[in-house]
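# Residue-level structural notes
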Amino acid sequence: MLRQEIVRVRLEAGMSQAKLAKILGKPASYVAKYELGERRLDPVELCVILKVTSADYELFFLKLYEGSPIRL
């Protein structure tokens, strides 16, 4: 679910993976890997991505919270 929301935010910002990676100062594979689940993001990295894409962070976290299971 987290990956889906990150992709949604990027697409709503009208950014390709390559464009977002360039803004972040990372190689294109950086964005691809976390979107595919091959790499984890720490909270600071996630916040930077939300800022760069001008995402509504409250809505982002609300969707994650509401979609979370009650057990791990």
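Heads up: these notes are all about the structure in this document.

The rules behind each value
Residues numbered from 1 in each chain as written. Predicted model: local features only at pLDDT ≥ 70, side-chain atom pairs only at ≥ 80, totals over all residues. Heavy atoms only, no water. Phe/Tyr/Trp six-rings, centres within 6.5 Å; stacked < 30°, edge-to-face > 60°. Lys NZ or Arg CZ within 6 Å of the ring centre and 35° of its normal. Core = buried A, V, L, I, M, F, W, Y, C linked by side-chain atoms within 4.5 Å. Buried < 20%, exposed > 50% of the residue type's maximum accessible area, 1.4 Å probe, protein only. Helix = DSSP H or I, 4+ residues; strand = E, 2+ residues; numbered from the N terminus. Contact = heavy atoms within 4.5 Å. Patch = residues over 30% accessible without salt bridge, like charges linked within 9 Å, V, L, I, M, F, W, Y side chains within 5 Å. Areas by Shrake-Rupley, 256 points an atom, 1.4 Å probe, with all protein chains shown as cover. Salt bridge = Lys/Arg side-chain N within 4 Å of Asp/Glu carboxyl O. Arc of directions from axis to C-beta. Polar contact = N/O pair within 3.5 Å; in protein donor to acceptor, adjacent residues only side chain to side chain.

### Overview of the packing of aromatic side chains
What the rule picks out here adds up to two aromatic pairs. Taking the ring centre of Tyr30 as reference, the NZ or CZ of Lys26 above it sits at 5.2 Å.

### Focus: the nonpolar core
Within the largest apolar cluster, 15 residues are counted, with the highest numbers of intra-cluster contacts made by Leu20, Leu24, Val31, Tyr34, Leu50 and Phe60. If you list the elements that add at least two residues to this core, you get α1 (2–12), α2 (17–24), α3 (28–36), α4 (43–52) and α5 (57–67). If we ignore the near neighbours within four places in the chain, the residues touching Leu20 are Arg10, Met15, Val31, Tyr34, Ile49, Val52 and Thr53.

### A short note on a nonpolar patch on the surface
A surface patch of nonpolar side chains, about 330 Å² in accessible area, is lined by Leu59, Leu62 and Tyr65. Note on placement: Leu59 falls in helix α5.

### A look at α4
Every buried residue of α4 is listed here: Glu45, Leu46, Ile49 and Leu50. Seen end-on, α4 carries its buried residues on one side only, within an arc spanning 140 degrees. Exposed side of α4, more than 90 degrees from the buried face: Pro43, Val44 and Lys51 are the residues found there. Where the residues of α4 are buried, they touch α1, α2, α3 and α5. The N-cap residue of α4 is Asp42: its side-chain oxygen and the backbone nitrogen of Val44 are 3.0 Å apart.

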